[in-house]
Amino acid sequence: MLLLGIDTATSAVTVAVHDGDGVLAECSTLDARRHGEYLAPGITQTLADAGRTVDEVTAVVVGTGPGPFTGLRIGLVTARTFAFARGIPVFGVCSLDAMAHQAWLEDAAGLGQSLVVATDARRKEVYWARYNVCPAGALRRGEPMVAKAGAIADDVRGLPVAGRGAVLYAEWFGRRVGPLDVSAGALADLAARRLAAGEELGAADPMYLRRPDAMPLALRKQVLP
Amino acid sequence: MTGGPLVLGIESSCDETGVGIVRGHTLLADAIASSVEEHARFGGVVPEVASRAHLEAMVPMIDRACRDAGVRLDDLDAIAVTAGPGLAGALLVGVAAAKSLSVALGKPLYGVNHLAAHVAVDIVEHGPLAEPTMAMLVSGGHSSLLLVPDITQDVRSLGSTIDDAAGEAFDKVARVLGLPFPGGPHVDRVAVDGNSGHVFFPRGLTSGRDMERHRFDFSFSGLKTSVARWVEARERAGEPVPVADVAASFQEAVVDVLTRKAVLACREHGVDDLLIGGGVAANTRLRAMARERCDAAGIRLRVPRPGLCTDNGAMVAALGAAMVSRGCAPSALDLPADSSMPVTLVQV
Ligand SMILES: [Zn+2]
């Protein structure tokens with residue numbers, strides 16, 4: 001098995017190659033405005049670093065967000081197209097799950113019983129989800145949501161928090177843990193563990209959580225005074 | 001014609017997700033998905049709605065184009081993609097898909113200009129372009145007169161709209177007349193039964209001083225306002241609005257200016273070949289008047305069939321194939337999408 005992991009749901013443009021046992025190589029660049037420029041060269045670079053070629057990749061796993069739409073779509077369309085071109089499957093993993101998994105990998109004991117992941121949703125909001133810390137990993141409770149940090153319940157906000165939202169809205173959140181942005185290595189590792197456990201992975205479909213901003217056609221403007 | 005490079009082109013600058021496949025001068029596939037119906041109730045293209053639709057349509061269109069052309073992705077010689085101009089978020093979906101194909105298949109990538117592609121598409125319809133060619137591009141997003149010595153690397157701008165694009169004027173006037181979005185086809189349809197001499201609407205930038213300062217530029221904003229005033233005045237007076245006559249009169253004003261300036265540009269630059277492209281080139285009155293005036297001036301006119309005038313992937317593939325044939329170097333894998341890419345930049 002050779003997984004190509006990709007995520008563009010946070011400020012990181014991140015790519016990893018995972019062989020089922022561990023991460024062979026990972027490349028990440030922090031630039032929230034240039035996902036489209038760094039991602040493709042990042043795939044080439046990561047495969048080269050891992051000493052592997054495109055035809056050895058057996059599946060693609062991509063972060064499905066939630067995250068700012070334009071960046072998120074770049075990862076998804078890249079993953080879907082790569083998989084189609086190679087004739088291999090493509091799977092989606094919630095990007096917040098990948099961050100919770102990384103926090104758990106790094107220091108499961110230090111997390112206590114629960115944690116929150118909160119990332120930048122722009123417009124003074126965060127994408128967030130709550131996780132239970134178990135021996136098997138960090139398990140999400142419910143669907144990810146989007147909200148103002150101040151609108152999240154006190155007892156949830158007070159939990160250890162991973163993700164950039166914890167830095168942007170430090171006054172609302174509790175103790176910072178884990179990563180600020182997604183690592184494709186953690187994403188691929190989570191996917192590999194789920195596959196090994198016989199779980200089905202989701203589709204590579206975006207979690208937007210917001211409708212497009214658009215106003216239906218207003219009444220015609222008058223031009224005569 | 002079976003020779004020439006096999007190129008797949010991707011277009012996603014506005015609301016059409018287009019994937020075309022061209023071999024040399026021959027069109028093999030032109031798969032297209034449009035989100036236009038999702039935008040209709042907003043009266044214009046909503047960028048986020050368009051971008052979401054591009055993501056969902058991209059792989060299905062690549063798949064359909066390969067099936068229609070009867071080729072495998074591995075057979076391709078190159079990938080071409082619209083790098084700009086257009087809606088930033090929409091462009092990025094196509095550019096990312098093209099890069100991913102390039103990486104996954106190990107094929108060279110060409111990031112090309114959408115406007116140049118509108119010109120190049122006629123290669124698959126009427127063969128190689130005359131050099132130089134005069135090109136007039138008219139659509140919802142652009143209205144330009146271009147002098148084109150070499151479509152793969154030398155495109156010069158003679159003029160463009162200083163306010164609304166021609167297609168935008170059609171959309172806005174359609175709204176005033178209570179016709180659906182997009183306005184172009186509907187105005188064209190109802191104008192058939194109208195009297196184009198019913199109202200004489202202004203011809204923007206055609207008077208003496210404007211012809212010195214804006215010789216090959218266009219302006220359609222004043223025309224649109226003039227139509228709106230005329231219609232409102234009738235409505236306020238409680239009189240019925242002769243929709244067909246107003247549509248025909250408006251269309252006549254647009255087409256008159258476009259063809260007059262295009263023919264003048266050919267004459268003054270000593271160019272014998274005029275090519276009209278872009279969505280508005282599907283307009284039947286524009287095609288007819290351009291034909292008349294070009295015949296009278298001894299200019300050879302080329303207009304692609306209507307299906308190739310609107311945005312599509314074939315035009316991008318056609319330009320990519322011309323570039324590969326000319327030995328142009330591929331683009332870098334980190335090429336950006338450029339929403340305001342200048343028309344004079346053919347490739348990034
Ligand atoms: Zn166009």
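Procedures and definitions
- Residues numbered from 1 in each chain as written.
- Chains lettered and ligands numbered in written order.
- Predicted model: local features only at pLDDT ≥ 70, side-chain atom pairs only at ≥ 80, totals over all residues.
- Heavy atoms only, no water.
- Phe/Tyr/Trp six-rings, centres within 6.5 Å; stacked < 30°, edge-to-face > 60°.
- Helix = DSSP H or I, 4+ residues; strand = E, 2+ residues; numbered from the N terminus.
- Buried < 20%, exposed > 50% of the residue type's maximum accessible area, 1.4 Å probe, protein only.
- Lys NZ or Arg CZ within 6 Å of the ring centre and 35° of its normal.
- Pairing = 2+ DSSP bridges.
- Axes fitted to C-alpha atoms, helices over the stretch in contact; angles between N-to-C directions.
- Contact = heavy atoms within 4.5 Å.
- Left-handed = near helix turned anticlockwise from the far one by under 90°.
- Donors = N, O, S within 2.8 Å, 3.2 Å for Na, K, Ca; no water.
- Domains from an automatic or database assignment.
- Buried area = accessible area lost by both parts, 1.4 Å probe.
- Salt bridge = Lys/Arg side-chain N within 4 Å of Asp/Glu carboxyl O.
- Polar contact = N/O pair within 3.5 Å; in protein donor to acceptor, adjacent residues only side chain to side chain.
- Nonpolar A, V, L, I, M, F, W, Y, C, P; charged D, E, K, R; others polar.

A. View of the packing of aromatic side chains. Taken as a whole and assessed by the stated rule, the structure comprises three aromatic pairs over all chains. Relative to Tyr208 of chain A, the ring of Phe69 of chain A has its centre 5.2 Å away and its plane inclined at 85 degrees; by these criteria the two rings are edge-to-face. Placement of the pair is Phe69 of chain A in helix α2 (residues 69–86) and Tyr208 of chain A in the segment after α6 (184–196), with a sequence separation of 139 residues. Considered together, Phe69 of chain A and Tyr208 of chain A belong to a single accessibility category, that of buried residues. With centroids separated by 6.1 Å and ring planes inclined at 10 degrees, the aromatic side chains of Phe218 of chain B and Phe220 of chain B adopt a geometry described as stacked. Each member of the pair, Phe218 of chain B as well as Phe220 of chain B, carries the same accessibility label: buried. Taking NZ or CZ as reference, Arg52 of chain B lies 4.7 Å from the ring centre of Phe69 of chain A, over its face. The ring centre of Trp230 of chain B lies 4.0 Å from the NZ or CZ of Arg234 of chain B, which sits over that ring.

B. Fine view of the sheet that holds strand β8 (residues 154–160) of chain B. All names here are of chain B. The strand order β8-β7-β6-β9-β10 describes an open sheet built from five strands, whose pairing is mixed. Strands at the two margins of the open sheet, each flanked by one partner only, are β8 and β10 (300–302). Sheet twist, expressed as the average angle between the axes of neighbouring strands with direction ignored, equals 25 degrees. Across four bridges, strand β6 (residues 133–138) lies against strand β9 (residues 273–277) in parallel orientation. The partner of Leu137 across the bridge, within β9, is Gly277. Sheet strands in contact with helix α11 (residues 284–297) are β6, β9 and β10, and its direction is about 160 degrees off that of β10.

C. The arrangement of the sheet that holds strand β4 (residues 59–63) of chain A in detail. Residues and elements named next belong to chain A. Pairing is mixed in the open sheet, where five strands are placed in the order β3-β2-β1-β4-β5. Of all the strands in the sheet, just β3 (23–30) and β5 (90–93) have a single pairing partner and so form its edges. Taking each pair of neighbouring strands and ignoring which way they run, the sheet shows an average axis angle of 15 degrees. Where strand β2 (residues 12–18) lies against β3, seven bridges are found, and the strand directions are antiparallel. Its bridge partner lying in β3, Val13 is registered against Thr29. On top of the sheet, α2 reaches β1 (3–7), β4 and β5; it is set at about 170 degrees to β4, its chief contact.

D. The arrangement of the packing of helix α6 (residues 166–176) of chain B against helix α7 (residues 183–191) of chain B in detail. Residue and element names in this part refer to chain B. The N-to-C vectors of α6 and α7 enclose an angle of 65 degrees; their axes lie 8 Å apart at closest approach. Of the two possible hands of crossing, α6 and α7 adopt the one that is left-handed. Residue-level contacts link Phe170, Asp171 and Ala174 of α6 to Gly183, Gly184 and Val187 of α7.

E. Up close: the coordination of the zinc ion. All names here are of chain B. Surrounding the zinc ion are the protein donor atoms His114 (NE2), His118 (NE2) and Asp311 (OD), at 2.1 to 2.2 Å. Read from N- to C-terminus, the donor residues coordinating the zinc ion fall into the pattern H-x3-H-x192-D. Of this pair, His114 sits in helix α4 (residues 114–120) while Asp311 is found in the loop between α12 (306–309) and α13 (313–325), placing the two residues 197 residues apart along the sequence. Judged on exposure class, the residue His114 and its partner Asp311 are both buried.

F. Structural detail: the domain arrangement of chain A. Residue and element names in this part refer to chain A. Under the domain assignment, chain A is made up of domain 1 (3–95 + 182–196) and domain 2 (96–168). The C-alpha centroid of domain 2 is placed 22 Å from the C-alpha centroid of domain 1. Contact with domain 1, which involves 20 residues of that partner, is made by 16 residues of domain 2. Carbon and sulfur atoms supply 63% of the area buried between domain 1 and domain 2, which totals about 1400 Å² over both sides. Sorting the residues of domain 1 by area buried against domain 2 places Pro66, Pro68 and Cys94 first, and these three jointly supply 33% of that buried surface. Where domain 1 packs against domain 2, one counts one salt bridge. For Arg194, the salt bridge goes to Asp97, with nearest N and O atoms at 3.2 Å.

G. How the structure looks around the interface of chain A and chain B. Counting residues at the interface gives 38 residues for chain A, matched by 40 residues for chain B. Summing the contributions of chain A and of chain B, the shared interface buries around 3400 Å²; its carbon and sulfur component is 65%. Counting across the chain A and chain B interface gives two salt bridges. Linking chain A to chain B there are eight residue pairs in polar contact (both at pLDDT 80 or more). Every element with two or more residues in the side of chain A that touches chain B is listed here: α1 (35–50) and α2 of chain A. Ranked by residues supplied to the side of chain A that touches chain B, first place goes to α2 of chain A with 13 residues. The residue inventory of the side of chain A that touches chain B, partitioned by class, reads 23 nonpolar, six polar and nine charged.

H. View of the environment of Met99 of chain A. Here Met99 of chain A is to be found in helix α3 (residues 95–111). Those residues in contact with Met99 of chain A that lie beyond four places of it in its chain are Thr10, Val117, Thr119, Gly163, Pro179, Leu180, Asp181 and Val182 of chain A.

I. Just the domain arrangement of chain B, in detail. Residue and element names in this part refer to chain B. The domain architecture assigned to chain B consists of domain 1 (6–121 + 312–325) and domain 2 (133–304). A C-alpha centroid distance of 27 Å is found between domain 1 and domain 2. Every contact between the two is made by 16 residues of domain 1 and, on the other side, 10 residues of domain 2. Approximately 1100 Å² of surface area, both sides summed, lies buried where domain 1 meets domain 2, with 83% of it carried by carbon and sulfur atoms. The largest contributions to the domain 1 side of the interface with domain 2 come from Leu115, His118 and Val119, which together make up 45% of the buried area.

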